[in-house]
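Residue-level structure breakdown
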Amino acid sequence: MQLTFEPGEIQTAIEELHHKYRCLQVGAIANYIPELAKMNPDWFSICVVTADGQCFSVGDSQQLFTIQSISKVFVYGLALEDRGRDRVLATVGVEPTGDAFNAIILDERSQRPYNPMVNAGAIATTSLIQGKGATERLNRMLAMFERYIGHESFIDMPTFMSERTTGHRNRAMAHLMLNFGMIDEKIDEALDLYFQQCSLMVNCLDLAVMAATLANCGINPLNKVQAVSSCYIRDILSVMYTCGMYNFAGEWAYKVGLPAKSGVSGGLIVVVPRRMGIAVFSPLLDERGNSVRGVKVCEELSQRFGLHLF
Ligand code: DON
C-alpha cells in the first residue's frame, strides 16, 4: 500500500488494471429495460480526474451510455438546494436498506423511502425539484448536470421511452408514496423526470469530472463552475458512502472505504474527498446491480494508493 503518489502513477495504474480485467467476462448486462440490453459487454473504461483538474483515462472513455442511478446523487444535491435539508429529510430518509435498489418498501415508522439512492427515494427526491411545469423542471435539471459535466447534456429518447413503458415497479412505488402523502399528486410528472434523469447520456470521462466536482467541494475542477453549493457536499457524500452501492454498501465501505454510486448501465463513480474523482464503465453487472469490473478496479485502486478514508 502506498500513501502518496505522483500523477503519472495514476495513468500507469489504470492502464494495468484495464489490461488485467478487460478479458474478465463475469456478470450480465441489465436487460429489464430493453434499451440497456443493447450495450456491448466489452465496453470498458477507467478515468480519474484530480481536484486540481488533471485527467487520466484508458479504454472506451468517449463511449456514451445512460447515467442511470448515478444521476440520483446529483438530483439529491439539486433537491437540497431547492428545498433545504429539513424539507428533503422529511420526505426521504438517510438509512441504508440492505435491500435491492428496486425494492417496494418504505420505512414503516416514518413512511418515508429509506434513502435517496434506492428507486423509491430517488423518485421522491425528484418530485421535490422546483419548476413551474415539466419543461422548466427538466431544463433546471439539465442545467445542473451541465454544471457538473462542463458541456451540453442531453437525454436519450429511446431509453427514456423504454423506461417509461416498462417502469411498472417504479410506478407502483410512486403510488405507494402518494398513498402515504410523501409525494404530491403529480406522480406522472415526477416519474417522467426520474426516467429522464436516468436517460441522461454521459461518457466515463464525464462521470470522472462529475465525481471530481464532488471531491472539489462542488466546484468543477476543469472550468471552475460551482455545480452545487459546498454546504451540501457533506450530505451527498454521506449518503453515497452508506447507501450508494445498494445491498453491497457495507462491504464496499469496509473494503474500499470511499463514497460511491453505481448504475445499471455499468457506470460507477467514486469520490476521494479533496483529491480526485474516479469513474469506471463496464456494463457487466453482478447480482446486486454493480459493475463487476468496476468493483474490482476500485478495490485495487483504493488498496494500492491507500485511499480508504479510515
Ligand atoms: O429505475 C430504474 O429502473 C432505472 N432507471 C435506474 C436503475 C439503476 O441504475 C439502479 N441501479 N443500479
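All values reported here derive from a predicted model rather than from experimental measurement. (Residues numbered from 1 in each chain as written. Predicted model: local features only at pLDDT ≥ 70, side-chain atom pairs only at ≥ 80, totals over all residues.)

1. Some details on the overall build of the chain
Under the convention used in this document: Only DSSP runs of H or I reaching four residues or more are called helices, and only runs of E reaching two or more are called strands; each is numbered from the N terminus. Buried means a residue has 20 or more other C-beta atoms within 10 Å of its own C-beta, exposed means 12 or fewer, and partly exposed covers the counts in between; C-beta atoms are placed from the backbone. Whether two residues are in contact is decided by their C-beta atoms, placed from the backbone, lying within 7 Å.
Looking only at helices and strands, the chain has 12 helices and 7 strands in total. Principal-axis analysis of the C-alpha atoms gives the chain an extent of 55 × 40 × 35 Å. Each of the 310 residues in the chain was classed as buried or not, and the buried ones make up 52%. Pairs at least 24 residues apart make up 68% of the contacts formed inside the chain by residues separated by at least 6 positions.

2. Things to note about the UniProt feature "binding site: substrate" (unreviewed entry) in the chain
To be explicit about the condition: UniProt positions are given in the numbering used here, feature names are shortened, and annotations may be inferred rather than shown by experiment.
As annotated by UniProt and renumbered to match this structure, "binding site: substrate" (unreviewed entry) occupies Ser69, Asn119, Glu163, Asn170, Tyr194, Tyr246 and Val264. With respect to the element layout, Asn119 can be found in helix H4 (residues 119–126). Residue classification places Asn119 among the buried residues on the basis of 22 C-beta atoms within 10 Å. Apart from residues lying up to four places away in sequence, Asn119 is in contact with Phe101, Asn102, Asn170 and Met173.

3. Overview of the confidence of the model for the chain
This is how it is decided: You can read pLDDT as the predictor saying how much it trusts each residue, on a scale of 0 to 100.
Per-chain confidence: the chain averages 95 in pLDDT, with 99% of residues scoring 70 or above. Interface predicted TM-score (ipTM) for the complex: 0.95; the corresponding pTM is 0.97.

4. Concerning the site of the ligand
Spelled out, the test is: The criterion for a residue being near a molecule or strand is a backbone-placed C-beta atom within 6 Å of that molecule or strand. In this entry, domain limits derive from an automatic or database-based domain assignment.
All residues in the neighbourhood of the ligand are listed as Gln68, Ser69, Phe101, Asn119, Glu163, Asn170, Cys198, Ser262, Gly263, Val264 and Gly289. When residues of the shell around the ligand are assigned to domains, at least three map to each of domain 1 (7–68 + 202–305) and domain 2 (69–198).

5. Regarding the sheet that holds strand S7 (residues 276–281)
What counts is decided by this rule: When DSSP finds two or more bridges between two strands, those strands count as paired. Axis definition: a line fitted to C-alpha atoms, limited for helices to the stretch in contact. Angles are taken between N-to-C directions and run from 0 to 180 degrees.
The strand order S2-S1-S7-S6-S5 describes an open sheet built from 5 strands, whose pairing is antiparallel. Looking at the sheet topology across the chains shown, the edges are occupied by strand S2 (55–59) and strand S5 (260–262). Strand-to-strand twist across the sheet, computed as the mean angle between neighbouring axes with direction ignored, equals 10°. Judged from the 6 bridges that link them, strand S1 (residues 45–50) and S7 form a sheet pairing that is antiparallel. Within S7, the residue paired with Ser45 across the bridge is Phe281. On top of the sheet, helix H9 (residues 204–215) reaches S1, S2, strand S6 (267–272) and S7; it is set at about 150° to S7, its chief contact.

6. Remarks on the packing of helix H2 (residues 71–83) against H4
Applicable threshold: Orientation is classified from the angle alone, with under 35 degrees giving roughly parallel, over 145 giving roughly antiparallel, 65 to 115 giving roughly perpendicular, and any other angle giving oblique. Throughout, a crossing is termed right-handed when the near helix is turned clockwise from the far one, and left-handed when it is turned anticlockwise from it by less than a right angle. In this classification, Asp, Glu, Lys and Arg are treated as charged, Ala, Val, Leu, Ile, Met, Phe, Trp, Tyr, Cys and Pro as nonpolar, and every other residue, Gly included, as polar.
It is at 9 Å that the axes of H2 and H4 come closest, and there the two elements cross at 40°. Considered as vectors, H2 and H4 are oriented oblique to each other. The two elements H2 and H4 meet at a crossing, and its hand is left-handed. The segment H2 lies against H4, with Lys72, Val75, Tyr76 and Ala79 engaging Ala122, Thr125 and Thr126. Here the residues of the contact of H2 with H4 sort into 4 nonpolar, 2 polar and 1 charged.

7. Points about H9
Stated formally: For a helix, the expected span equals 1.5 Å multiplied by the residue count minus one.
Counted at 1.5 Å a residue, the expected span for H9 with its 12 residues is 16 Å, and the 16 Å between its end C-alpha atoms agrees. Judged by how many residues are buried, H9 sits mostly within the fold: 12 of 12 residues are covered. Just downstream of H9, Cys217 is the residue with a positive phi angle, here 55°.

8. Description of helix H6 (residues 157–166)
This is how it is decided: The arc under discussion is defined with respect to the helix axis, by the directions toward the C-beta atoms.
Buried residues of H6: Thr159, Ser162 and Glu163, and no others. Here the buried residues of H6 occupy an arc of 95° about the axis, which is enough to place them on one side. Exposed residues pointing more than 90 degrees away from the buried face of H6 are listed as Met157 and Thr165. Residues of H6 that are buried sit in contact with strand S3 (65–66) and helix H8 (187–198).

9. Considering the pairing of S2
Most of S2 sits out of view: 4 of its 5 residues are buried. Inspection of the sheet shows S1 paired to S2 by 5 bridges, in the antiparallel sense. Bridge pairing in S2 links Ser45 to Gly59.

10. Things to note about the nonpolar core
Counted only if it meets this: To count as a nonpolar core, a set of buried Ala, Val, Leu, Ile, Met, Phe, Trp, Tyr and Cys residues must be joined through C-beta atoms within 7 Å.
Formed by 100 residues in total, the largest nonpolar core has its most connected members in Ala208, Ala211, Ile269, Val270, Val271, Ile278 and Ala279. In terms of residues, this core owes the most to one element, H9, which gives 10 residues. Lining this core are residues from two domains, each supplying at least three of them: domain 1 (7–68 + 202–305) and domain 2 (69–198).

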